[in-house]
Amino acid sequence: MAKQQVSLLHISLGLLTLESRILSILLFIFVNSPAQMLHAQREVEILMFLSAIVMMKNRRSITVEQHIGNIFMFSKVANVLLFFRLDIRMGLLYITLCIVFLMTCKPPLYMGPEYIKYFSDKTIDEELERDKRVTWIVEFFANWSSDCQSFAPIYADLSLKYNCTGLNFGKVDVGRYTDVSTRYKVSTSPLTKQLPTLILFQGGKEVMRRPQIDKKGRAVSWTFSEENVIREFSLNELYQRAKKLSKAGDSIPEEQPVAPTPTAVPEGESKKNK
């Protein structure tokens, strides 16, 4: 359902882009004379340049929605350039309409099933220390980050496959709890490449994280695909080890699969009010 909502949003963005492009071409044809049409080569060069950027950008995309989103985003950039070459007033009008549209039509949050516990700034440390036999994989995210939104269904699917008695999945909104981002050294800057960040905790201590941080404090590029997470965090091995712990008779409470409704989030939180 959430993927359908995201697709509908992308389709609406694409229709707006397509209509504006058609309008731009028609106006260009009617306003300019045949002699001036020779200058259309510059517009073709702009479109070809942006097409190359889209192809390079899509190499790192991991979902269909990301591919479509990249195409529509750079299509809008092309439209801005074309409108400004045609008429500055039309360019300003188009930019204004795009800004209004982006501010009023936010992409939907993932609302599918998952085995994920949502932490606040007060509960994350308590939960990690409560039972050190439990291994935690925690995602540090922000709702405004498009990368976090794209990774949400992937992370939910991983939690459904691998959550068990001794292996739990959690999330904390560092965009809302800034002290958590400081405590765990996750940058929330709009230009950061640290969102999302996955951290593996064993015995209440951090064991590894992705993306890694280099000596200069910059995030090392890493693709948040399901295959990469399974391989880098050794989820198959962690799952088998946790299942053995369960068979040994240790009574560790196991999370139940829930959809992220207000009752599933501690302290009355919900995705809608984040």
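This structure is a prediction, so every number in the text was calculated from the model and none was measured.

Definitions and limits used
- Residues numbered from 1 in each chain as written.
- Predicted model: local features only at pLDDT ≥ 70, side-chain atom pairs only at ≥ 80, totals over all residues.
- Heavy atoms only, no water.
- Helix = DSSP H or I, 4+ residues; strand = E, 2+ residues; numbered from the N terminus.
- Buried < 20%, exposed > 50% of the residue type's maximum accessible area, 1.4 Å probe, protein only.
- Contact = heavy atoms within 4.5 Å.
- Right-handed = clockwise from strand over helix to strand, strands pointing away.
- Pairing = 2+ DSSP bridges.
- pLDDT = per-residue confidence, 0-100.

### Description of the overall build of the protein
Inference 1: Assigned secondary structure in the protein consists of nine helices and five strands.
Inference 2: Secondary structure elements of the protein occur, N-terminal to C-terminal, as α-α-α-α-β-α-β-α-β-α-β-β-α-α.
Inference 3: Burial analysis of the protein (274 residues in total) assigns 42% to the buried set.
Inference 4: Long-range pairs, those at least 24 residues apart, make up 71% of the contacts in the protein with a sequence separation of at least 6.

### Regarding the pairing of strand E3 (residues 167–173)
Inference 1: Of all seven residues in E3, seven are buried, a share of seventy percent or more.
Inference 2: Across the two faces of E3 the burial is the same, with Leu167, Phe169, Lys171 and Asp173 and Asn168, Gly170 and Val172 all buried.
Inference 3: Crossover strand E2 (residues 135–141) to E3 through helix H6 (residues 146–162) is right-handed.

### Examining the pairing of E2
Inference 1: When you tally the buried positions in E2, you get seven out of seven residues, the bulk of the element.
Inference 2: Where E2 meets E3, seven bridges bridge the pair, whose relative direction is parallel. In the sheet register, Glu139 faces E3, and the bridge partner there is Lys171.
Inference 3: Two elements, E2 and strand E4 (residues 197–202), share five bridges in a ladder whose sense is antiparallel. Residue pairing across strands places Phe140 opposite Thr197, the latter belonging to E4.

### Points about the confidence of the model for the protein
Inference 1: Per-residue confidence for the protein gives a mean pLDDT of 74; residues scoring 70 or more make up 61%.
Inference 2: Within the model, pLDDT remains below 50 along residues 25–31, and this stretch shows eight contacts once partners closer than five positions in the same chain are excluded.
Inference 3: Note on residues 251–274: pLDDT under 50 across the span, and 57 contacts to partners over four residues away in sequence or across chains.

### Some remarks on the environment of Ile230
Inference 1: Checked against the element boundaries, Ile230 lands in helix H8 (residues 226–232).
Inference 2: Relative accessible area serves as the criterion here: at 18%, Ile230 is assigned to the buried category.
Inference 3: Spatially, the C-alpha atom of Ile230 lies 8.4 Å from that of Leu158, the residues being 72 residues apart in sequence.
Inference 4: For Ile230, the contacting residues outside a window of four places in its chain are Leu158, Tyr162, Leu235 and Asn236.

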